[in-house]
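# Remarks on the overall topology
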Amino acid sequence: MLFEKNMEPRCAYCHHGTTLEDGQVMCIKKGIMAAAGSCRRFRYDPLKRTPPKPAAISFAHLKDEDFTL
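Model, not experiment: these values are computed from the prediction. (Residues numbered from 1 in each chain as written. Predicted model: local features only at pLDDT ≥ 70, side-chain atom pairs only at ≥ 80, totals over all residues. Heavy atoms only, no water.)

## Topic: the pattern of salt bridges
What the rule picks out here adds up to 1 salt bridge. For the salt bridge of Glu 8 with Arg 10, the shortest nitrogen-to-oxygen distance reads 3.5 Å. The exposure class of Glu 8 is partly exposed, given its relative accessible area of 48%. (Salt bridge = Lys/Arg side-chain N within 4 Å of Asp/Glu carboxyl O. Buried < 20%, exposed > 50% of the residue type's maximum accessible area, 1.4 Å probe, protein only.)

## Concerning the side chain of Asp 45
Looking at where Asp 45 falls in the secondary structure, it is placed in the segment after β3 (31-34). For the buried Asp 45, no salt bridge is present, and the opposite-charge side chain at shortest range is Lys 48, 4.4 Å distant. Apart from the residues lying within four places of it in its own chain, the contact partners of Asp 45 are Tyr 13, Cys 14 and His 15. (Helix = DSSP H or I, 4+ residues; strand = E, 2+ residues; numbered from the N terminus. Lys, Arg positive; Asp, Glu negative; His and termini not counted. Contact = heavy atoms within 4.5 Å.)

## Looking at the pairing of β3
One face of the sheet, then the other: side chains in a regular strand alternate in exactly this way. Pairing between strand β2 (residues 24-27) and β3: 4 bridges, direction antiparallel. Bridging across to β3, Gln 24 finds its partner in Ala 34. A loop of 3 residues connects β2 with β3, the two strands running antiparallel in sequence. (Pairing = 2+ DSSP bridges.)

Given below as structure tokens:
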């Protein structure tokens, strides 16, 4: 799997599912499912998953001396 090795399966980024408005997924195998749910037919689709944003870097602890040669 891409992005993470310990990723739990979710219908929101399954190959068989199509996202609906209410946080639900229309699955061609199981019908309407919760986006956080999963089943044994889960097949990962990396294009449906949005990875979490990286943490912001804080430069507050740096001083002007750190940037001089």
